[in-house]
Amino acid sequence: MTTPSSSPRHLVIVGGGMVAQRLVEALRARDTAGGWRVTVFAEEPRYPYDRVALTSYFSARDPEELNLGDPALWDDPLVRLVRDCSVVSIDRDARQVTDRLGRVHDYDELVLATGSSAARPPIPGNELPGVFVYRTIDDVAALRGWVEAKREERAGSSYDRPVRGAVIGGGLLGLEAAGALKALGAQATVIQFGTHLMDAQIDLGGGQALGRLINDMGIAVRVSTGTKEMRPARTTGHVGRLDFVDGGRLDVDVVVMATGVRPRDELARGAGLPVGERGGAVVDLSCRTVDPHVWAIGEVACIEGRCLGLVAPGYAMAEVVADRLLGGEATFPGADTATKLKLRGVDVASFGDAFARTEGAMELVYADPVAGVYKKLVLSDDARTLLGGVFVGDATPYASLRPMVGRELPGDPGAFLLPEGSSGGGAAGLELPDEATVCSCNNVTAGTIRSAVTEHACTDVASVKSCTKAGTSCGSCLPLVKKITTTELEKAGIEVSNALCEHFELSRAQLFDAVRVADLHTFSEIIARFGRVPAAATHVPDDAAPAGLPASGPGRGCDICKPVIASILASLGNGHILSGEQAALQDTNDHVMANMQKDGTYSVVPRIPGGEITPEGLLVIGQVAKDFGLYTKITGGQRIDMFGARIEQLPQIWRRLVEHGFESGQAYGKSLRTVKSCVGSTWCRFGVQDSVGMAVELELRYRGLRSPHKIKLGVSGCARECAEARGKDVGVIATDKGWNVYVGGNGGFTPKHARLLAEDLDDETMIRTIDRFLMYYIRTADRLQRTSVWVDEVEGGLDGIRAVILEDSLGIAADLDAAMAGHVDAYEDEWRAVLEDPEKLKRFGSFVNAPATADPDLAYVAERGQPRPATAAERESATTGGVLIAGTTLEVRR
């Protein structure tokens, strides 16, 4: 800590946000002589917090979890933070500011960091109760409280239905707000005045792809729509309806306005400082106003004719001012306007000249509407220099390509748009030059990260972050930071950590063996024995612990380690997935043992081993689908999928199916899905083995087998390969002498062909080979690692696997055999077990206080003779009793 000099100069910073915090941090880090003392006036009653991560406050109720930087900064004797105290006026001649309590403070230099406020468009009714903005922790807390109160109000009445929410504005903040409403259990509709979502960041093609992804999340979208008026509900006086310019309307219980921000420049105006045409204190490239003793940074600063609403330029301005205050000559380097949407399940990013406004610019586009992917690179007229890009649905290349703006790309630019892992595709192998900026928020280059490893002994991402500040702000650069760090460590011959997450230093494979050898059976035992306290852990009240998990100790885990431990426990035969602590560890679908669909309903998939089913079985499934009004489809794995089941209907449906001999197909789990087969020698004139019989035997053997990723098998009765077995994790193809076994194939985003493991095996040897392969994979693969990737990365690759399971090179074959035998003996149908347990059945209710109540807002249209979810437009134009829409009838399920 620096000892104050005899008479340090006084810097006053007005504003206590992210940019103000960065300025204080930068100044104190460089002012080793103690030449400045700093007073920060914060309008909010909090320490500076991460506004970029504001949405995370919905899941983390303690606002202190969002606090920025090291708390010790505010204990520095040269730093004073005055919270809940705004500045109301500036006297430039006297170099004094007056706070809201009437106190006068002298300054030598003054920095305006007042940020901006949420814009409230002049829509009649925008001040009604239930209309919110989305800018501060208080805004978010008020919104959450309103939605929760409305939910309780609905639950206590006879008219029980979800809270209806609308977000006006389809930009970054609007989509985050919509996701927050959805997470709170409310319906959400995004109202966008422009032609597509995020129209300030991405082009029309990307916006259309994003719209489909948002719809798939269960969030409705209306584009090219202006809101004319907000009307109150008659009974409450709260906001109750939106009327649109085009004559449409939408009933609502809550509205969030996310239409942009306005610079908080009232102090600058009051002090007679020039402001920009659209507001903001005008500054030069040193961030100084016309007054040589007054500076402005962040969203309140109008620099180069505009105000910048992103944190990275604000941080750059803070660094410039810190340098200037200490006698430097730094200037604003320009605005990095790269943006990345932080919405779970939706990957969107844009950077550079995303709209190809540069003269002669070329656009290279890759689009896969089925997969929901849109990628675009903007290049110079010679197709060599990268100018910008847009990524929707798969933003994997963003981290590697964004630092390359203005640089020549090596090789074919089109290769950078192909999926990672495809032949010649992806940006994963791109080597960044040292001067390329990796973290724009903190202006950290690739060279700085490399030197942190090579010169400052940083051996993991956490130490690199601490040393360089890379990834400590918005976090979007962390994948690239990790990649560069890992590469440099490997070059230096240093072992790279494979820690599962911040709570476990062990990898998944190591943790699996540790749990197995230690014979542990609960999450509490595992994390107490092998867990660690995260370096940045903050206190969480004991009453905030999820049901079934420990309220104290080294941690309650995270979204990475909890599902992994749930899978490990299931793989080791530790009872039903919804028993005890395991229930609190499961992923979304496993919580209710069904796949959630876009409208919030679920699909039901009974197991049909080998695709073989009797006519009686078909009739049972058909009658169940008919009685519950479910959409039915034959899957690619030879099963029947029934869509549209409400959560309270799931036990009823499964009771019918279980009574007639069906069991869970486990379409919701990271486990065996299906064993596909052709008809084989039973019927086909080309078949040389009974592929159906073998498929049935394998599926019954491996059903319920939990694994790091979902697994699929295929059995073909001859080399014609009608079951597409070589596209599966394990493929079995009949020969005249027995069976050939192929491993490591998959479909999906990056299809892989399986490779030959062994050939001409008899039935017993073939099954034993598959037993060992699957158990070896389950024990040694990383989380969510497909067999195709594991085969390449496990020690020795395919040859090493062959040696382990065919030659017993590690001496573990008998152990693998015993583990599989234990699984087969311990198998139980998960749904049958739920139906026999009243406690587990309590999980399947639509509402806490009315578990058997149907969601009244589920709406469907008939298409090709079956129901499908209605679109937002169809819902809005329909009446409760049903209406003909484009030749199809809408029904509202009650």
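Residue numbers run consecutively from 1 along every chain, following the written order of its sequence. Per-residue local features are limited, in this predicted model, to residues with pLDDT of at least 70; the limit for side-chain atom pairs, both in listing and counting, is 80 or more; totals at the level of whole chains, interfaces and linings are taken over all residues. Hydrogens and water molecules were not included; the side-chain quantities draw on all heavy atoms of the structure.

A. Looking closely at the nonpolar core. L698, Y702 and I770 are the most contacted members of the largest nonpolar core, which totals 56 residues. Listed in part, the 52 residues of the second largest apolar core include V38, A42, V97 and A113. By convention a nonpolar core is built from buried Ala, Val, Leu, Ile, Met, Phe, Trp, Tyr and Cys residues, the set being connected through side-chain atoms within 4.5 Å. Throughout, exposure labels follow a simple rule: accessible area from a 1.4 Å probe, protein chains only, divided by the maximum for the residue type, with under 20% read as buried, over 50% as exposed, and the rest as partly exposed.

B. Structural detail: the environment of M642. Secondary structure is summarised from DSSP: a helix means a run of H or I of at least four residues, a strand means a run of E of at least two, and numbering begins at the N terminus for each. Within the secondary structure, M642 is located in strand β32 (residues 640-645). Note on M642: relative accessible area 0%, which makes it buried. Between the alpha carbons of M642 and G629 there is a distance of 9.3 Å; along the sequence they are 13 residues apart. If near-sequence neighbours (up to four positions away) are discounted, M642 is found in contact with Y602, S603, V604, P606, I621, V624, A625, L630, Y631, T632 and L657. By the convention used here, residues are in contact when the closest approach between their heavy atoms is within 4.5 Å.

C. The arrangement of the sheet that holds strand β13 (residues 227-232) in detail. Across the sheet, which stays open at both edges, the 3 strands sit in the order β13-β14-β15 with antiparallel pairing between neighbours. Looking along the sheet, the strands with just one partner apiece sit at the ends: β13 and β15 (249-251). If you compare each strand with its neighbour and ignore which way they point, the axes differ by 20° on average. Summarising the sheet, β13 and strand β14 (residues 239-244) pair through 5 bridges and their orientation is antiparallel. Across the sheet, E229 pairs through a bridge with D243, a residue of β14. For two strands to be treated as a pair, DSSP must find at least two bridges joining them. The axes are straight lines fitted to the C-alpha atoms, using for helices just the contacting stretch, and the angles between their N-to-C directions are given from 0 to 180°.

D. A look at the confidence of the model for the protein chain. pLDDT expresses, on a scale from 0 to 100, how confident the predictor is about each individual residue. On average, residues of the protein chain score 85 in pLDDT, and 87% of them reach the 70 mark or higher. Mean pLDDT values over the elements of the protein chain span from 34, in strand β40 (residues 884-885), up to 98, in strand β7 (residues 109-112). A low-confidence stretch, residues 535-554 (pLDDT under 50), is modelled with 32 contacts involving residues beyond four sequence positions or located in other chains.

E. Layout of helix α11 (residues 508-518). If you check which residues of α11 are buried, you get R508, A509, L511, F512, A514 and V515. Just downstream of α11, D519 is the residue with a positive phi angle, here 55°.

F. A look at the pattern of salt bridges. Throughout this description, the term salt bridge denotes a Lys or Arg side-chain nitrogen within 4 Å of a carboxyl oxygen of Asp or Glu. For the structure on display, the rule yields 48 salt bridges. In this structure, R28 engages D31 in a salt bridge whose closest nitrogen and oxygen atoms are separated by 3.6 Å. Exposure remark for R28: the relative accessible area of 9% places this residue in the buried category. By relative accessible area, which is 4% here, D31 ends up buried. A network of salt bridges, in which partner residues are shared, links R22, E25, R30 and E319.

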